[in-house]
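Architecture at a glance
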Amino acid sequence: MNRVLLLLSIFSLSIFSFSQENDDITNAIQIYCGDAISSSTIGINSDQEYLSDVGLADCGTPVDGAAGVWYSFIGNGEIIQLNMCDSSYDTKLHVFQDDGFNLTCVGGNDDSDCENYLHSKLEFLSQQDYYYYIYVSGYGNNEGDFILSVNCGVVGCLDTAAC
């Protein structure tokens, strides 16, 4: 009986000790309009070094050393809103477009107009059939649980100075 309990304990520990698969851009999880992803950055690696190496250390806001995870989205020609207002820590969002050759910065957000301004929210106009990579991380070295909501066809003005 003790051996069975020991094996179960080791098995349970090994399941929870694996990192998320999407802690690297090559393993980004595809997301869709209407999704609300509940996940965490706790114990995940930072991609600050990778983004610095490819010249994307600052995309709307600097990429910090905080843990981060990756998601991908295929553009549909609509305004997309990424919302992390219901997260448990000080979040950051970065969005990059892949044109098939290079990643380019679309935008980033550190603090937003969420009720708790330390949470991130970002809107951008997606181009039809282009791939976008979303990097969810935190301010400084913050990590925690988050909810990422993907809203499509958002009505509004992206350039507040022109509205």
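Here's what I pulled together on the structure shown here. Because the structure is a prediction, the values reported are computed rather than measured. (Residues numbered from 1 in each chain as written. Predicted model: local features only at pLDDT ≥ 70, side-chain atom pairs only at ≥ 80, totals over all residues. Heavy atoms only, no water.)

Topic: the overall build of the protein chain
Condition: Numbering of helices and strands starts at the N terminus; helices are DSSP runs of H or I of at least 4 residues and strands are runs of E of at least 2. To sort residues, take the accessible area from a 1.4 Å probe on protein chains only and compare it with the maximum for the residue type: under 20% means buried, over 50% means exposed, and anything in between is partly exposed. Residue contacts follow a heavy-atom distance rule, with two residues in contact if any of their heavy atoms lie within 4.5 Å. In these tables, accessible area is a Shrake-Rupley quantity obtained with a 1.4 Å probe, and a residue counts as shielded only by the protein chains included in the view.
From N to C terminus, the protein chain includes two helices and nine strands. Each helix (α) and strand (β) of the protein chain, taken in turn from the N terminus, gives the series α-β-β-α-β-β-β-β-β-β-β. The buried share of the protein chain, reckoned over its 163 residues, is 40%. Sequence-distant contacts in the protein chain: of pairs separated by 6 or more residues, those separated by 24 or more amount to 78%. Carbon and sulfur atoms form 51% of the exposed surface of the protein chain, whose accessible area is close to 9,100 Å².

A short note on the state of the cysteines
The criterion, for reference: Note on disulfides: each one is a pair of cysteine sulfur atoms within 2.5 Å.
Counting across every chain of the model gives two disulfides. Covalently, Cys33 is tied to Cys152 through a disulfide, its sulfur atoms 2.0 Å apart. Since a negative S-S torsion denotes a left-handed disulfide, the Cys33-Cys152 link at about -90° is left-handed. Of the two residues, Cys33 sits in the loop between strand S1 (29-30) and strand S2 (36-40) while Cys152 sits in strand S9 (residues 145-152), which places them 119 residues apart along the sequence. When its relative accessible area of 38% is taken as the criterion, Cys33 is described as partly exposed. In this model, Cys59 is linked to Cys105 through a disulfide, with the two sulfur atoms separated by 2.1 Å. Judged by the torsion about the S-S bond (90°), the Cys59/Cys105 disulfide is right-handed. Residue Cys59 is located in the loop between helix H2 (48-53) and strand S3 (69-74), and its partner Cys105 is located in strand S6 (residues 103-109); the two are separated by 46 residues in the primary sequence. Residue classification places Cys59 among the buried positions, given a relative accessible area of 0%.

Things to note about the environment of Tyr50
Within the fold, Tyr50 resides in helix H2. For the pair formed by Tyr50 and Ile25, sequence separation is 25 residues and the distance between their alpha carbons is 9.6 Å. Every residue in contact with Tyr50, bar those within four places of it in the chain, is listed here: Ile25 and Leu103.

Overview of the nonpolar core
Definition in use: We define a nonpolar core as any set of buried Ala, Val, Leu, Ile, Met, Phe, Trp, Tyr and Cys residues linked to one another through side-chain atoms lying within 4.5 Å.
Grouped together as the largest cluster of nonpolar side chains are 21 residues, with contacts concentrated most on Tyr71, Leu82, Ile134, Val136 and Leu148. Broken down by secondary-structure element, the contributors of at least two residues to this core are S3, strand S4 (79-83), strand S5 (91-98), strand S7 (121-125), strand S8 (131-138) and S9. Residue contacts for Leu148: discarding those within four places in its chain leaves Ile31, Asp35, Ala36, Ile37, Tyr71, Leu82, Asn83, Met84, Leu93 and Val136. Counting 10 residues, the second-largest nonpolar core is a separate cluster that includes Leu56, Cys59, Val63 and Tyr135.

Observations concerning the packing of aromatic side chains
Under the convention used in this document: Stacked, tilted and edge-to-face are the three classes assigned to paired rings of Phe, Tyr and Trp, where Trp is represented by its six-membered ring and a pair needs centres within 6.5 Å; plane angles under 30 degrees give stacked, over 60 edge-to-face, the rest tilted.
Following the criterion strictly, the structure yields four aromatic pairs and no others. Note on Trp70 and Tyr135: the rings are 4.7 Å apart at their centroids and 35° apart in plane angle, and the pair reads as tilted. Within this pair, whereas Trp70 is found in strand S3, its partner Tyr135 is found in strand S8, the two being separated by 65 residues in sequence. Overall, the relative accessible area of 0% leaves Trp70 in the buried class. Overall, the relative accessible area of 0% leaves Tyr135 in the buried class. Judged by centre distance (5.1 Å) and plane angle (45°), the ring pair of Phe124 and Tyr132 falls under tilted. Of the residues examined, Phe124 reaches a relative accessible area of 4% and is grouped as buried.

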